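Chain and residue survey
Now for the letters of each chain:
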Amino acid sequence: MNDDYLWDKTGEPDPQIQQLEEILGTLRYQPRPLALPVARRRSYFPVLAIAATVLIALLATGLWLRVRTDSQPQKQQAYVPTPSPVVDERPAKPAEKVGPPRQQQRNRSNQSALSAAKKRERQEALAVKQQLMFALRLASEKLNLAHKKAKVG
């Protein structure tokens, strides 16, 4: 065996070493250009799932409000004609004053009617708010579930 052949391929090769070189030749180092991994395309599934859920929630809320307002009986306002002004050519008399108690009574009845309407509207608004919050919580849970499934899969 020639040690020079093993180090710098000079000299006579040994037949056993040549046979080993042929067998192991496929495992020899072969220089190649650097191949960087290609970046994965971003998955838009979670974003689309969020957008679809929000859209469905908004459509459901709009539909619910439309059905709700259609099912309530609408108050029909009666047509009350306003009297046309009559011109009186007689000398004007001093106008009679409406007493303060009568005005106060009218103001109180108007205020009580307004406060009752406001109270009813506030209750309806609170009910709508609670339902909307429930729908948003439900949508959030669904989105979290879709996000978890997207990460796992």
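Throughout this document, residue positions are counted from 1 along each chain, in the order its sequence is written. Per-residue local features are limited, in this predicted model, to residues with pLDDT of at least 70; the limit for side-chain atom pairs, both in listing and counting, is 80 or more; totals at the level of whole chains, interfaces and linings are taken over all residues. Calculated side-chain values reflect all of the structure's heavy atoms, with hydrogen atoms and water omitted.

1. Digging into the overall build of the protein chain
Helices and strands together make up the secondary structure of the protein chain, namely four helices and zero strands. Its helices and strands taken in sequence order, the protein chain reads α-α-α-α from the N to the C terminus. Here the protein chain, with 153 residues, has 5% of them falling under the buried criterion. Two residues qualify as a contact provided that any one of their heavy atoms is within 4.5 Å of a heavy atom in the partner residue. The contacts of the protein chain with a sequence gap of at least 6 include a subset with a gap of at least 24, amounting to 52%. Under the scheme used here, helices are H or I runs from DSSP no shorter than 4 residues and strands are E runs no shorter than 2 residues, and both carry numbers assigned from the N terminus. Exposure classes here rest on a 1.4 Å probe applied to the protein chains alone. A residue is buried below 20% of its type maximum, exposed above 50%, and partly exposed in between.

2. Section: unusual backbone geometry
Even without being glycine, Lys9 reaches a positive phi, approximately 60 degrees. Lys9 sits in the exposed class, given a relative accessible area of 53%.

3. Some thoughts on a nonpolar patch on the surface
Residues form patches when they are more than 30% accessible in relative terms and have no salt bridge. Like charges link within 9 Å. Nonpolar side chains (Val, Leu, Ile, Met, Phe, Trp, Tyr) link within 5 Å. To measure how exposed things are, a 1.4 Å probe is used in the Shrake-Rupley method; for residues, cover is taken only from the protein chains shown. Any carboxyl oxygen of Asp or Glu that lies within 4 Å of a side-chain nitrogen of Lys or Arg is treated as forming a salt bridge with it. Taken together, the side chains of Leu20, Ile23, Leu24 and Leu27 make up a nonpolar region of the molecular surface, amounting to roughly 450 Å² of accessible area. For Ile23, the location among the structural elements is in helix H2 (residues 15-23).

4. Overview of the confidence of the model for the protein chain
Of all residues in the protein chain, 75% attain a pLDDT of 70 or more, and the chain-wide mean is 79. pLDDT measures the predictor's confidence residue by residue and takes values from 0 up to 100. Ranking the elements of the protein chain by mean pLDDT puts helix H1 (residues 3-8) last with 77 and helix H3 (residues 45-71) first with 91.

5. Some words on the pattern of salt bridges
For the structure shown, the criterion picks out one salt bridge. Among the ionic pairs, Glu21 bridges to Lys9, the shortest N-O distance being 3.0 Å. Here Glu21, found in helix H2, pairs with Lys9, found in the loop between H1 and H2; they are 12 residues apart in sequence, far enough to count as distant.

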